[in-house]
Amino acid sequence: MKRALITGITGQDGSYLAELLLAHGYEVHGVIRRASTFNTQRIDHIYQDPNEENPRLRLHYGDLASTEWILDLIYHLAPDEIYNLAAQSHVKVSFEIPDYTGDVTGLGTTKILEAIRRSGIKTKFYQASSSEMFGRAPAPQDEATPFQPRSPYAAAKVYSYWMTRIYREGYGMFAANGILFNHESPRRGETFVTRKITRGIAAIAAGREQFLHLGNLDAQRDWGYAPEYMEAAWGILQQEKPDDFVIGIGEAHSVREFVEEAFTYAGLDWKAHVKVSERYLRPLEVDRLVANTAKAQKELQWQPRIRFADLVAIMVDADMEVLGLQSLGKGKIILEEKLGHWHQWHNSVSKVIRATAGRASE
Ligand code: NAP
Ligand code: F7E
């Protein structure tokens, strides 16, 4: 049985990756942070009692801001695969806490790479790199596009990207970067724009709110569906040789288009409900990101199946259901038609959406 270690298992991606690896028969270990409030809502449905015999999911405390746990854990577990998904991942927040973001999103990666090297174990390492690294670089962006980061978050990810390559080329480690463009889902953090919009729509439909306050509506992103991006992340570590891959849809939409599509799907007029507020603008913006995924299509045989309108329907449906409203139900059908058994509405969406209801702001 293969053994994997996931940092950031409580996040959007970590929770889907854990489900995927369990479905593939892995023993999965996840790193969680000690918190005074619950931070495991996204994985509670797959939690296994550690007192049971041979649980296939096990959790360990650790924080990338410190080092004392990493070497021990990696040495004793000797996982076949390590996925480094932990990060302070919010771009706007990274302007407010730039040094912490550098510590965790940047230096955190080096701590893991160095622990792998010192432990002497043979493992495959995946680094969650980001399209934000491309920043101002003209679209479309591919593996050869030079990075022009526009935020402390992006700069920290560029550092992690290069440390991953340095350990690969310098020490012959299997260390690979997945350069993932924006990917979303009903488990997306509530302060990222897509989820903020779909939660806002549900609150308006329920009569709880009248307005949704957003920032820059002109920015364009290449938005895909998170579960199938985790299929790509897994595929990157199944290659014979470590390499770097761009993963995205290859199609850009503005925030305004997302708003229009989502409000229209819910039968609402966005112009009556959306207000633009300077509060959500950033000191620097990334205007347009579009993936060129030719390499991933050829070498990983990876193709996105969920398109823009599908993603919007899935997310609006889920947030309607979170508030106990009747959804249009297209999302469930889309998953049945396009995704595998490991990720269906009943086993992956319904079980989690209620637990992730939170508070929207940034
Ligand atoms: P997310 O939902 O924000 O999850 C981040 C995870 O990192 C959470 O499990 C969080 O734990 C953990 N974490 C944060 N600070 C930590 C620390 N100091 N020590 C240990 N763990 C810490 O992010 P995501 O959307 O799943 O993204 C996963 C990874 O891919 C991130 O590295 C992100 O930067 C990168 N990425 C994301 C996208 C995207 O569009 N989603 C695109 C490209 C790259 P808590 O639950 O305790 O907060
Ligand atoms: O912003 C604009 C905002 O915060 C998208 C992270 O997962 O993807 C994510 O970073 C766009 C930006 O994602 C609001 O200015 C307008 O142009 O959803 P976001 P992001 O910054 O693209 C990359 C690939 C990552 O790696 C990151 O970890 O939407 N926008 N109004 C807004 N954004 C937010 N958050 N809130 C607003 O009210």
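Our subject is the structure listed above.
Residues numbered from 1 in each chain as written. Chains lettered and ligands numbered in written order. Predicted model: local features only at pLDDT ≥ 70, side-chain atom pairs only at ≥ 80, totals over all residues.

**As for the site of ligand 2**
Definition in use: By definition, a residue lies near a molecule or strand when the C-beta atom built from its backbone is within 6 Å of it. Each residue gets one of three labels, nonpolar for Ala, Val, Leu, Ile, Met, Phe, Trp, Tyr, Cys and Pro, charged for Asp, Glu, Lys and Arg, and polar for the others, Gly among them.
By nearness alone, 22 residues border ligand 2, and Val 91, Ser 130, Val 193, Gly 215 and Ala 219 come closest of all. A breakdown of the residues in the shell around ligand 2 according to their chemical character gives eight nonpolar, seven polar and seven charged.

**Let's talk about the site of ligand 1**
What counts here: In this description a helix means any DSSP run of H or I spanning at least four residues, a strand means any run of E spanning at least two, and both kinds are numbered starting from the N terminus.
Neighbouring residues of ligand 1: 25 residues in total, closest Gly 8, Gly 11, Ala 86, Ala 87 and Ala 128. Elements with a minimum of two residues in the shell around ligand 1: helix 1 (12–23) and strand 5 (124–130). A total of three residues in the shell around ligand 1 trace back to one element, the largest contributor, which is helix 1. When the residues that make up the shell around ligand 1 are grouped by side-chain class, the tally is nine nonpolar, 13 polar and three charged.

**Some remarks on the sheet that holds strand 11 (residues 245–247)**
Note the threshold: Here, any two strands with at least 2 DSSP bridges between them count as paired. Interaxial angles span 0 to 180 degrees and are taken between N-to-C directions of axes, which are lines fitted to C-alpha atoms, for helices over the stretch in contact. Throughout, a residue-residue contact means that the two C-beta atoms, derived from backbone geometry, are no farther apart than 7 Å.
Spatial ordering of the open sheet is given by 3-2-1-4-5-6-11, a layout of seven strands whose pairing is parallel. A strand with exactly one partner marks an edge of an open sheet, and here the two such strands are strand 3 (57–61) and strand 11. Sheet twist, expressed as the average angle between the axes of neighbouring strands with direction ignored, equals 20°. Inspection of the sheet shows strand 1 (residues 3–7) paired to strand 2 (residues 27–32) by five bridges, in the parallel sense. By the bridge assignment for strand 2, Ala 4 is matched with Val 28. Its contacts with the sheet place helix 1 against strand 1, strand 2, strand 3 and strand 4 (81–84), and it is angled at close to 165° to strand 2.

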